[in-house]
There are 4 protein chains.
Amino acid sequence: MIRVGIVGATGYGGRELLRLLGGHSESEVVALSSTSAVGKTLEEELPGFGKLLDLSFEAFDAKGLAERCDLVFLGVPGTESMGLVAELRAAEVKVIDMGPDFRLKDASVFKAYYKTDHTHPDLLDVSVYGLVPWNREALKSADLVAVPGCYPIGALLPLKPLLDAAKPAVPVIIDAISGISGAGRSPMQAFHFPEMNENVWAYKLGTHQHTPEIEQELGGGHQVQFSPHVGPYTRGILSTITVRPKGSFDVAACYACYDDEPFVRVLGEGDLPHLTAVRATNFCDIGWVTDERTGNLILVSAVDNLVGGTAGMAVQCMNLMFGLDETSGLAFGGMSV
Amino acid sequence: MIRVGIVGATGYGGRELLRLLGGHSESEVVALSSTSAVGKTLEEELPGFGKLLDLSFEAFDAKGLAERCDLVFLGVPGTESMGLVAELRAAEVKVIDMGPDFRLKDASVFKAYYKTDHTHPDLLDVSVYGLVPWNREALKSADLVAVPGCYPIGALLPLKPLLDAAKPAVPVIIDAISGISGAGRSPMQAFHFPEMNENVWAYKLGTHQHTPEIEQELGGGHQVQFSPHVGPYTRGILSTITVRPKGSFDVAACYACYDDEPFVRVLGEGDLPHLTAVRATNFCDIGWVTDERTGNLILVSAVDNLVGGTAGMAVQCMNLMFGLDETSGLAFGGMSV
Amino acid sequence: MIRVGIVGATGYGGRELLRLLGGHSESEVVALSSTSAVGKTLEEELPGFGKLLDLSFEAFDAKGLAERCDLVFLGVPGTESMGLVAELRAAEVKVIDMGPDFRLKDASVFKAYYKTDHTHPDLLDVSVYGLVPWNREALKSADLVAVPGCYPIGALLPLKPLLDAAKPAVPVIIDAISGISGAGRSPMQAFHFPEMNENVWAYKLGTHQHTPEIEQELGGGHQVQFSPHVGPYTRGILSTITVRPKGSFDVAACYACYDDEPFVRVLGEGDLPHLTAVRATNFCDIGWVTDERTGNLILVSAVDNLVGGTAGMAVQCMNLMFGLDETSGLAFGGMSV
Amino acid sequence: MIRVGIVGATGYGGRELLRLLGGHSESEVVALSSTSAVGKTLEEELPGFGKLLDLSFEAFDAKGLAERCDLVFLGVPGTESMGLVAELRAAEVKVIDMGPDFRLKDASVFKAYYKTDHTHPDLLDVSVYGLVPWNREALKSADLVAVPGCYPIGALLPLKPLLDAAKPAVPVIIDAISGISGAGRSPMQAFHFPEMNENVWAYKLGTHQHTPEIEQELGGGHQVQFSPHVGPYTRGILSTITVRPKGSFDVAACYACYDDEPFVRVLGEGDLPHLTAVRATNFCDIGWVTDERTGNLILVSAVDNLVGGTAGMAVQCMNLMFGLDETSGLAFGGMSV
């Protein structure tokens, strides 16, 4: 039984992790930490966990966590995990960070997008980027995992198998729309129900911090034009990706690499994914259309930003790190309604 | 490993059952039947189950199901299960019916509300009403279980512990609102997204078929005024119940009967439930307010109509029937977002 | 041309009033005041009014408003308008207050529910309760109008014609559900999109401040059990009202009083209203069911809380006060989608 | 007073037109026709218009309409209006067609996208494309107007002022998302509330029938890659348009052409539109971002598909055709909640 601690368990990523671990038979949550809820019981803070898990929130204490836990997950805002992770690693407990602090390998790029110096650039070299289908072997022996961002997961899984064949001459266009849970738990005017209901808008065009993460993991000097949006729903990211390939190539053959991936489903040419089929699951669904008239290839992917885009991918990483069945605790069908 | 068959797996109750059983380690779905999808794979019909369960839909065949299954669930429209259940029971397989055909004990009441004769009134006597907290012992040895209706679960769990003490002189008022999944999967003008979005309405006031079911299970000749509504969301029933007690009594003491119930949470006086705390769970949350000014007691309950109100309660019944841990496959916290 | 000022134009009631007055050909908005937006243009604060109305927000100045305006509307939070209204009345400009400060006639009841002393109880005697169908004549000569609360409008319009005939022996049960715009514009955790989406809950059971307002206007010592709820949508209140009449009486005949009301539509026995039919309109729709089995009468009403429940009713009051066609600027059909 | 007839008044475009004309002081709706509702009153079919407009639906009769009307609007499905329009024009009544039959100038392109021969190609030459800001003079004397499609309005208004300066070498990428009202009123499985709620998907990538319409009106041989989506809301289209200009140019200067347009609002560089600011209005809001890193220009536009994208644009055309103030009946601010 893997003993798990969660730092930042009141955020949406953290509480989704709690929900998933409730159905994971080989792990046990033994410690919760949250700066805003110290001393409160889990049930007081999150009534949906009443009668399920009898734990209280503690102040963060790296040594204490390391003594009681085999693994600590972090779900804290960007730039707030780097110090905590360094303490936890110094105390020699394994760490899975669901935030952005250890995803970018270049500390200067981190600074450019997160507006602060990285305090532990040495750990950037040892952290493993937790995109399971592409880093499975490295994850098995990892001590520090950086779970990819939700948008990058939806962009990288459809793009990585193709770019060598596609050789696009102009930047790849990624238009993505996310549910509001991606914006976190703090109330804001823009996300007040009456203002967000029936609303859609674009934001951070060309400047979103997931842009360098996507480009880093695509490699090969590929540029992306990343245009994120939010829409009036809670969960899920649909990414529509327009690639202008140099010539024609066999898209379906490229995607054969995912035949045995447990949580990537390639739907095929003309079969486009719906968010509901991945809702509350760890899946990424992928479909595409080849437009011979224009010469473009349009890829569409769907992920649940809180599961396949964060907490589910984190559990899959855990399963790998501890030698468990990779699908343990994740074998759920889409919550189509 | 319990071998499970599901008849009517494409309806919302059936597919939710499929989703829950994906996380149930002691059962295995081995057969699916659906009149509308015979010959299609599960993945074709419900893409959210791709790469999870490799089954195809078969035509209904009671003997074949009885040979391959230890238990058959039915999730078919009202009045359509009675014949199928009779065939399955004749073939000696255990049955859990999620529909209404075996809930009412009086065939004449069934006819009055469902507008057709009951074809197998003999089975009404042997079917066990699957309201677990109140029929636990009978369920352990049941061969035929009728899962309660979603509205009755939300009404009976808060009301049953109280009525002996409350002795209401006028009918209990139950105003309940349900998400649209309760109306089933068939497209209708009233539930077309643009017409149901931002809409709320009341329906079947005083005539809803769950009225006699609630009164039967309350016993004691209690009348209820049941006023159902639908609102612009997918899942969950909030029931607001106004009782006019004869005198004062200790509400909290009455609810002590639920202290050890795994899936009933009594929140207490003035602590009113939210649908999100029970969303995608098997819980029923209960709170109340005593209004000394008017002399009324107002109870509020929340259930997820597809889980705690249907498929989750059905799984809990299965766990009891087969001697498993009652919470097996159901230990999930509320999907608060 | 009536010259109009609006105090509190950035709140949801105020901005809806602005929207309605855009289509009102006999009035002109000449001044806007808002504590939070002084010095900003309307377009900066509310981009949806760009290219329509070229005004800036001013600090509140009663004399200045009285000089430039024939009428001032107020849409400020409860307890904040009483002082402003007193200043405006001292400056001799007509006032329509969309907030609660001048609705209750008894200052001690005001204090009990709003937790503060009323600073201008003398004005309570002269203010006219702006429920148009019941106070039409008084409104024609009113200088100070208190627009009714949104819930009271939805409760009073169906109840007032009936109670003399119904003579209910037990309190009338009013279960109502409102869209989130009723909770105002300030962001709160409970109304953060991901927490309110797919959520319904009850609040202030037996203690809501609209309770005494409803009872005051029903008169005759009638008690009501008022149970408000919020649901996952922006606009509209559906009220389900259970009355236990002493004997039988002709409901339809009672409602004949509304035959010539321009904005009350009596749908009839068994014809229950939908929010979408009144959405963005000044209408109140009413239907009912007589349940002979239980002896109860169930009334259902629908209003748009921001139009028929606030700003539209306010415009109708203005039309009366200034001798205009009562329907001026309000002749819109329901925004059924 | 312009006497108006509406053919297809039960569809979403038609009923929105009815709603707008309720606030239009210089026109009067005198006839309604609908194949599905002949003989029914407007109130029976659309309860939201009760007590507002006392009309019944008639069977289509071109001569009868021409005798009683100065103008007939059509809101019928694609390919169904061409015959009706021809009859109406033969009867010499002015026509505004809100459907697609008279937008494309090339009958062979019409056939390629609508899968049927155009029965009246002669009328294609005389119909005026009702994109008001670009065809104002022609509209003043038009007898037959084709209101642009909702997606084309959202794409053409931001693109037309720029393309001469931008000279894009690769196709313009238009990713747009629409509310479900754009899919019409007929219930479908995909738009059943529980299946569409919390769902987003892409459709008709590269093949949508609005593609040739956009390219025709852009002129200059420009190709577009048009990728439409639907999201879980009722109204509004947000279009995100990626242009790859040959060199740099002054975007704001190009948009100066809209300075005096009553219903086009240019928000400026970095100021991106929200659907709520145009909701229930005739406005198109436009913002943009220049990405120097990638060399792309990203434009974002927002329109209400039923008003600025259909019925509002149609009323603006009417105002021009009859010499009225262009903004008559359309001066509403955005329904931000």
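Residues numbered from 1 in each chain as written. Chains lettered and ligands numbered in written order. Predicted model: local features only at pLDDT ≥ 70, side-chain atom pairs only at ≥ 80, totals over all residues. Heavy atoms only, no water.

Notes on the overall build of chain A
And then number 1: Counting its regular elements, chain A contains 13 helices and 14 strands.
And then number 2: In terms of overall size, chain A behaves like a compact globule, its C-alpha atoms giving a radius of gyration of 19 Å where 337 residues would be expected to give roughly 20 Å.
And then number 3: With the C-alpha coordinates aligned to their principal axes, the bounding extent of chain A is approximately 60 × 45 × 40 Å.
And then number 4: With 337 residues in all, chain A has 66% of them scored as buried.
And then number 5: Of the contacts made within chain A by residues no fewer than 6 positions apart, 69% connect residues no fewer than 24 positions apart.
And then number 6: Of the roughly 10500 Å² of accessible surface on chain A, a fraction of 49% belongs to carbon and sulfur atoms.
And then number 7: Side chains of chain A give 25 positive and 41 negative charges; the mean places of these two sets differ by 2 Å. (Helix = DSSP H or I, 4+ residues; strand = E, 2+ residues; numbered from the N terminus. Rg over C-alpha atoms; globule rule 2.2 N^0.38 Å. Buried < 20%, exposed > 50% of the residue type's maximum accessible area, 1.4 Å probe, protein only. Contact = heavy atoms within 4.5 Å. Areas by Shrake-Rupley, 256 points an atom, 1.4 Å probe, with all protein chains shown as cover. Lys, Arg positive; Asp, Glu negative; His and termini not counted. Charge placed at Lys NZ, Arg CZ, Asp CG, Glu CD.)

A short note on the relation of the copies chain C and chain A
These two copies of the chain differ by a rotation about an axis and a displacement along the same axis.
And then number 1: Laying chain C over chain A is done by rotating through 180 degrees and shifting 0.0 Å along the axis; what remains is an RMSD of 0.0 Å. A rotation of that kind, with that shift, is consistent with a two-fold axis.
And then number 2: Here 100% of the interface residues in chain C have copies in chain A that are interface residues too; the copies meet face to matching face. (Least-squares fit on C-alpha atoms with pLDDT ≥ 70 in both.)

Some thoughts on the interface of chain C and chain A
And then number 1: Counting residues at the interface gives 20 residues for chain C, matched by 20 residues for chain A.
And then number 2: Roughly 1700 Å² is buried in total at the junction of chain C and chain A, and carbon and sulfur atoms are behind 57% of that figure.
And then number 3: On the surface where chain C and chain A come into contact, there are 2 salt bridges.
And then number 4: Across the pair Arg 185 of chain A and Glu 195 of chain C runs a salt bridge whose closest N-O atoms are separated by 4.0 Å.
And then number 5: For the pair chain C and chain A, the number of links is 10 residue pairs in polar contact (both at pLDDT 80 or more). (Buried area = accessible area lost by both parts, 1.4 Å probe. Salt bridge = Lys/Arg side-chain N within 4 Å of Asp/Glu carboxyl O. Polar contact = N/O pair within 3.5 Å; in protein donor to acceptor, adjacent residues only side chain to side chain.)

Notes on the sheet that holds strand E2 (residues 27-33) of chain C
Neighbouring strands of a sheet are bound in pairs by backbone hydrogen bonds; such pairs are parallel or else antiparallel.
Residues and elements named next belong to chain C.
And then number 1: With respect to topology, 7 strands assemble into an open sheet ordered E3-E2-E1-E4-E5-E7-E6, the strand pairing being parallel. Pairing within the sheet leaves two strands with one partner each, and these edge strands are strand E3 (57-58) and strand E6 (128-129).
And then number 2: Bridge count for strand E4 (residues 71-74) against strand E5 (residues 94-97) is 4 bridges, and the pairing is parallel. By the bridge assignment, Leu 74 is partnered in E5 with Asp 97.
And then number 3: Docked against the sheet, helix H4 (residues 81-90) engages strand E1 (2-7), E4, E5 and strand E7 (144-146), running at close to 165 degrees with respect to E5. (Pairing = 2+ DSSP bridges. Axes fitted to C-alpha atoms, helices over the stretch in contact; angles between N-to-C directions.)

Observations concerning the confidence of the model for chain A
And then number 1: In this model, chain A carries a mean pLDDT of 97, and residues with pLDDT of at least 70 account for 100%.
And then number 2: Across the interfaces of the predicted complex, the ipTM metric reaches 0.97, alongside a pTM of 0.98. (pLDDT = per-residue confidence, 0-100.)

Let's talk about the interface of chain A and chain D
And then number 1: Contacts between chain A and chain D engage 47 residues on the former and 47 residues on the latter.
And then number 2: Per-residue buried area on chain A facing chain D is highest for Glu 198, Leu 205 and Arg 293 of chain A; these three make up 18% of the total on that side.
And then number 3: At the boundary of chain A and chain D, one finds 4 salt bridges.
And then number 4: A salt bridge links Arg 279 of chain A to Glu 198 of chain D; the nearest nitrogen and oxygen atoms lie 2.7 Å apart.
And then number 5: Scanning the region where chain A abuts chain D turns up 28 residue pairs in polar contact (both at pLDDT 80 or more).
And then number 6: Listing elements by their share of the side of chain A that touches chain D, those giving two or more residues are strand E8 (172-178), helix H10 (193-196), strand E9 (201-202), helix H11 (210-218), strand E10 (224-230), strand E11 (237-243), strand E13 (284-291) and strand E14 (296-303) of chain A.
And then number 7: At 4 residues, E10 of chain A tops the list of elements feeding residues into the side of chain A that touches chain D.
And then number 8: For the side of chain A that touches chain D, the class distribution of residues is 22 nonpolar, 16 polar and 9 charged. (Nonpolar A, V, L, I, M, F, W, Y, C, P; charged D, E, K, R; others polar.)

Considering the side chain of Gln 225 of chain A
And then number 1: Following the sequence through the fold, Gln 225 of chain A ends up in strand E10.
And then number 2: On the basis of relative accessible area, Gln 225 of chain A is assigned to the buried category, the value being 0%.
And then number 3: Excluding its chain neighbours within four sequence positions, the residues that come into contact with Gln 225 of chain A are Pro 171, Val 172, Ile 173, Ile 174 and Gly 206 of chain A together with Thr 242, Asp 291, Thr 294, Asn 296 and Ile 298 of chain D.

Some details on the nonpolar core
And then number 1: Within the largest apolar cluster, 368 residues are counted, with the highest numbers of intra-cluster contacts made by Ile 96 of chain A, Ile 96 of chain B, Ile 96 of chain C together with Ile 96 of chain D.
And then number 2: Each residue touching Ile 96 of chain B, except ones within four places of it in the same chain, is listed here: Leu 71, Val 72, Phe 73, Leu 74, Val 145, Val 147, Ala 314, Cys 317, Met 318 and Met 321 of chain B. (Core = buried A, V, L, I, M, F, W, Y, C linked by side-chain atoms within 4.5 Å.)

Structural notes on unusual backbone geometry
Working note: non-glycine residues mostly have negative phi, and peptide bonds are mostly trans.
All names here are of chain A.
And then number 1: With a phi close to 60 degrees, Lys 115 is a non-glycine residue in the positive phi region.
And then number 2: Tracing the backbone shows Lys 115 in the loop between helix H5 (107-114) and helix H6 (121-126).
And then number 3: Assessed through its relative accessible area of 68%, Lys 115 is described here as exposed.

Some remarks on the packing of aromatic side chains
And then number 1: Taken as a whole, this structure holds 36 aromatic pairs over all chains when the rule is applied.
And then number 2: Judged by centre distance (6.3 Å) and plane angle (85 degrees), the rings of Trp 134 of chain D and Tyr 258 of chain D are edge-to-face. Of this pair, Trp 134 of chain D sits in helix H7 (residues 132-140) while Tyr 258 of chain D sits in the loop between helix H12 (251-254) and strand E12 (264-269), placing them 124 residues apart in sequence.
And then number 3: On the accessibility criterion, Trp 134 of chain D (34% relative accessible area) is partly exposed.
And then number 4: Exposure remark for Tyr 258 of chain D: the relative accessible area of 2% places this residue in the buried category.
And then number 5: Residues Trp 201 of chain D and Tyr 203 of chain D carry aromatic rings whose centres are separated by 6.2 Å and whose planes lie at 70 degrees to one another, so their mutual orientation is edge-to-face. With respect to burial, Trp 201 of chain D and Tyr 203 of chain D carry one shared label: buried.
And then number 6: Ring-pair connections join several aromatic residues into one group, and the members of that group are Trp 134, Tyr 255, Tyr 258 and Trp 288 of chain A.
And then number 7: Against the face of Phe 322 of chain B rests Lys 94 of chain B, its NZ or CZ located 5.9 Å from the ring centre.
And then number 8: If you follow Arg 265 of chain D out to its NZ or CZ, it ends over the ring of Phe 283 of chain D, 3.7 Å from the centre. (Phe/Tyr/Trp six-rings, centres within 6.5 Å; stacked < 30°, edge-to-face > 60°. Lys NZ or Arg CZ within 6 Å of the ring centre and 35° of its normal.)

With respect to the pattern of salt bridges
And then number 1: For the coordinates displayed, the defined rule picks out 71 salt bridges over all chains.
And then number 2: Ionic pairing is found between Glu 326 of chain B and Arg 136 of chain B, a salt bridge with its closest N-O pair at 2.7 Å. Taken together, the residues span a long stretch of sequence, with Glu 326 of chain B in the segment after helix H13 (307-321) and Arg 136 of chain B in helix H7 (residues 132-140) at a distance of 190 residues.
And then number 3: Note that Arg 265 of chain C and Asp 285 of chain C form a salt bridge whose closest N and O atoms lie 2.8 Å from each other. Of this pair, Arg 265 of chain C sits in strand E12 (residues 264-269) while Asp 285 of chain C sits in strand E13 (residues 284-291), placing them 20 residues apart in sequence. For the pair Arg 265 of chain C and Asp 285 of chain C, a shared accessibility class is recorded, and that class is buried.
And then number 4: One network of salt bridges, with partners in common, ties together Glu 16, Arg 19, Arg 235 and Asp 304 of chain A.

What about the packing of helix H7 (residues 132-140) of chain C against helix H13 (residues 307-321) of chain C?
All names here are of chain C.
And then number 1: It is at 9 Å that the axes of H7 and H13 come closest, and there the two elements cross at 35 degrees. Between H7 and H13 lies a crossing of right-handed hand. Only Met 313, Gln 316, Cys 317, Leu 320 and Met 321 of H13 make contact with H7, whose side of the interface consists of Val 132, Arg 136, Leu 139 and Lys 140.
And then number 2: Along the lines of polarity and charge, the residues of the contact of H7 with H13 split into 6 nonpolar, 1 polar and 2 charged. (Left-handed = near helix turned anticlockwise from the far one by under 90°.)

A short note on helix H11 (residues 210-218) of chain C
Residue and element names in this part refer to chain C.
And then number 1: Buried residues dominate H11, accounting for 8 of its 9 residues.
And then number 2: Taken as a whole, H11 has its buried residues at His 210, Thr 211, Pro 212, Glu 213, Ile 214, Glu 215, Glu 217 and Leu 218.
And then number 3: On its buried face, H11 is in contact with helix H5 (107-114), E6, helix H8 (150-159), helix H9 (163-166), strand E8 (172-178) and strand E10 (224-230).
And then number 4: One or two steps after H11, the chain reaches Gly 219, where phi turns positive at roughly 65 degrees.

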